[in-house]
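Residues per chain are reported as follows:
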Amino acid sequence: METHKKLFLFLLTIFFGAINDNILRLGFIMFLTFGEYSFYNLERGILVSIAGISFILPFLLFSSLGGQIADRYEKIKVIRSLKIFEFVLIFFIVYSLYNKDLYLMFSCLFLMGMQSSLLSPVKFSILKELHGEENLLASNSLVEIYTFIAIILGTIGGTIFFDKGTIYFLLLIFSFTGLLMSFYINGPGFKNKKETINFNFFASTIKILNYSKDEYLRKNILFISWFWFIGSILISQLPVILESNYSDAQHMTLYFYLIILFGVISGAKFSVFYFRENKNQENIYKFFILNSFLLLILGFNEFYNFIYLVCTLLFMVSFISISYVIPLYVNIQKYSLNKDRSKVIACNNIWNAIFMIISGIFIVLVYLFELSIHDALKYLSILNIIL
């Protein structure tokens, strides 16, 4: 019972941080998509991709530092320290939103990404300590469910309140609540005093990336990174996709994000059942093939005349994607040693960030070559089959 309580408090801490990340990120995306402004006469879709890169780039720069810190010090203390930093940062974010200062917004988005990049290695490496190795599949499923609920609710909050004063209150209250929850987490104080912190971001990143030379880790990291490549495109570009097909796109975006959320929750529950005790992992490639087919259909404008078909397709893409990614996270956590687990997670995060930055560049190139977002989905389908 005590173990479940510790995990629940940890999940709440992660939840409130993730919901804040996404209120800010998606509120900014909605402002860039629907707001009235001029920023160097750049295409709105390009600005949305730049915003995504601003949030993801810190994962490339600071994940190695986060992995080292999480292995060197007690993970719970690391979580509390980062939640304090987040709470202070929120005040600057509120100021930037109130004054509609795009330069400060981009800066705050970058700093929020930095905080998340330092927290992420702790988030996944502490699960084994809090909930036990035998419960890793279930605990990872819960982390993904809570994270994606936060993502979707944050997305909805950012979508509804991006041009209203309510967003300031939400950011402050969620940040404070997450900080408060972090001080109630108790758990083992494992730390590696022999771990030395290398503040040379370039050298430490190269060193941590060496973990992916292991063939088993490399395969799992590759598939997880591809999941984030596709996911970042679908989540960030969904308002753009809908705007090109429907007149009431701003309000319809909310319903489509809810459909994605239901797909994620259902897929996470299915994953625990289907992949328990490491069974059926050889069938993961079948999930990729099915996802390719679904993405291909989403790439044709004609199908958007059938609203229920589009809803079903988005549900299935999110269901299938989350189903196969959860056991991949479990594989990494089980395979890595206690003294290195956070650094292995950091290695995974760096590759995730690389793939997500490439996804942003991919979208920018799509617009520069005057292709549509639907063309991008067709190309994703082909790349998915190749992978």
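Scroll up to find the structure this text is about.
Keep in mind that what you see is a predicted model, and the values were worked out from it rather than measured.

Our focus in this paragraph is the overall build of the protein chain. Each helix and strand counted, the protein chain has 14 helices and zero strands in total. What you see for the protein chain is a C-alpha radius of gyration of 20 Å, in line with the 21 Å of a compact globule of 387 residues. Referenced to the eigenvectors of the C-alpha coordinate spread, the extents of the protein chain come out at roughly 55 × 50 × 40 Å. The proportion of buried residues among the 387 residues of the protein chain is 59%. Sequence-distant contacts, at least 24 apart, represent 84% of the contacts inside the protein chain between residues at least 6 apart. Split by element, the accessible area of the protein chain, about 16,600 Å² in all, is 67% carbon and sulfur. Across the protein chain, the 29 positively charged side chains and the 24 negatively charged ones have centroids separated by 10 Å.

For the rest of this paragraph, the subject is empty space enclosed by the protein. Evaluation of the coordinates by the stated rule reveals two cavities of 30 Å³ or more. Estimated volume of the second largest cavity: approximately 60 Å³. As for the second largest cavity, its lining consists of Leu234, Leu238, Ile241, Leu242, Leu298, Tyr304, Val310, Leu314 and Leu377. Counting only elements with at least two residues in the lining of the second largest cavity, the list comes to α9 (215-243) and α12 (307-335). The element best represented in the lining of the second largest cavity is α9, accounting for four residues.

Of all hydrophobic cores here, the largest spans 136 residues; its most connected members are Phe10, Phe28 and Ile93. Among the elements that make up this core, the one with the highest residue count is helix α1 (residues 2-34) (17 residues). Those residues in contact with phenylalanine 10 that lie beyond four places of it in its chain are Ile79, Lys123, Ile126, Leu127, Leu130, Val143 and Ile185.

Time to look at the pattern of salt bridges. Per the stated rule, a full pass over the model turns up six salt bridges. For aspartate 71, the salt bridge goes to lysine 343, with nearest N and O atoms at 2.9 Å. Residue aspartate 71 is located in helix α2 (residues 44-72), and its partner lysine 343 is located in helix α13 (residues 341-368); the two are separated by 272 residues in the primary sequence. Aspartate 71 gets classed as buried once you look at its relative accessible area, which sits at 0%. Taking the shortest distance from any N to any O, the salt bridge between aspartate 375 and lysine 378 comes out at 4.0 Å. Pair noted here: aspartate 375 and lysine 378 are both in helix α14 (residues 373-386), with a separation of three residues, about one helical turn.

Here we take up a nonpolar patch on the surface. A surface patch of nonpolar side chains, amounting to about 890 Å² of accessible area, comprises Ile361, Leu365, Leu368, Phe369, Leu371, Tyr379, Ile382, Leu383 and Ile386. Going through the elements one at a time, α13 and α14 are the ones with two or more residues in the nonpolar patch. Looking at the nonpolar patch, the element that brings in the most residues is α14, giving four residues. Relative to the helices and strands, isoleucine 382 resides in helix α14. Overall, the relative accessible area of 47% leaves isoleucine 382 in the partly exposed class.

Here we come to the packing of aromatic side chains. Following the criterion strictly, the structure yields 21 aromatic pairs and no others. The interplanar angle of 35 degrees and the centroid separation of 4.8 Å between the aromatic rings of tyrosine 216 and tyrosine 335 together place this pair among those described as tilted. Of this pair, tyrosine 216 sits in helix α9 while tyrosine 335 sits in helix α12, placing them 119 residues apart in sequence. Through successive ring pairs, a cluster of aromatic residues spans Phe148, Phe223, Phe227, Trp228, Phe288 and Tyr324. In this structure, lysine 378 is placed above the aromatic ring of phenylalanine 300, and the distance from its NZ or CZ to the ring centre is 4.4 Å.

Right, let's get into α12. Relative to the 42 Å expected for 29 residues at 1.5 Å per residue, α12 spans 43 Å between its end C-alpha atoms, a close match to the ideal helical length. Across the 29 residues that make up α12, a large majority, 21, are buried.

Between α13 and α14, whose axes approach to 9 Å, the crossing angle comes to 130 degrees. Considering their axes alone, α13 and α14 lie oblique with respect to each other. Along this stretch, α13 crosses α14, giving a crossing that reads as right-handed. Residue-level contacts link Phe362, Ile363, Val366 and Tyr367 of α13 to Ile373, Ala376, Tyr379 and Leu380 of α14.

Secondary-structure assignment places arginine 341 in helix α13. In this structure arginine 341 comes out as buried when scored by relative accessible area, which is 1%. Apart from residues lying up to four places away in sequence, arginine 341 is in contact with Asp71, Ser125, Lys128, Gln333 and Ser336.

Calculation rules
- Residues numbered from 1 in each chain as written.
- Predicted model: local features only at pLDDT ≥ 70, side-chain atom pairs only at ≥ 80, totals over all residues.
- Heavy atoms only, no water.
- Helix = DSSP H or I, 4+ residues; strand = E, 2+ residues; numbered from the N terminus.
- Rg over C-alpha atoms; globule rule 2.2 N^0.38 Å.
- Buried < 20%, exposed > 50% of the residue type's maximum accessible area, 1.4 Å probe, protein only.
- Contact = heavy atoms within 4.5 Å.
- Areas by Shrake-Rupley, 256 points an atom, 1.4 Å probe, with all protein chains shown as cover.
- Lys, Arg positive; Asp, Glu negative; His and termini not counted.
- Charge placed at Lys NZ, Arg CZ, Asp CG, Glu CD.
- 1 Å grid on protein atoms, 1.4 Å probe; cavity = no way out; pocket = protein on both sides within 12 Å on 5 of 7 lines; lining within 4 Å.
- Points joined across faces, edges and corners; volume = space filled by probe spheres on them.
- Core = buried A, V, L, I, M, F, W, Y, C linked by side-chain atoms within 4.5 Å.
- Salt bridge = Lys/Arg side-chain N within 4 Å of Asp/Glu carboxyl O.
- Patch = residues over 30% accessible without salt bridge, like charges linked within 9 Å, V, L, I, M, F, W, Y side chains within 5 Å.
- Phe/Tyr/Trp six-rings, centres within 6.5 Å; stacked < 30°, edge-to-face > 60°.
- Lys NZ or Arg CZ within 6 Å of the ring centre and 35° of its normal.
- Expected span 1.5 Å × (residues − 1).
- Axes fitted to C-alpha atoms, helices over the stretch in contact; angles between N-to-C directions.
- Parallel < 35°, antiparallel > 145°, perpendicular 65-115°, else oblique.
- Left-handed = near helix turned anticlockwise from the far one by under 90°.

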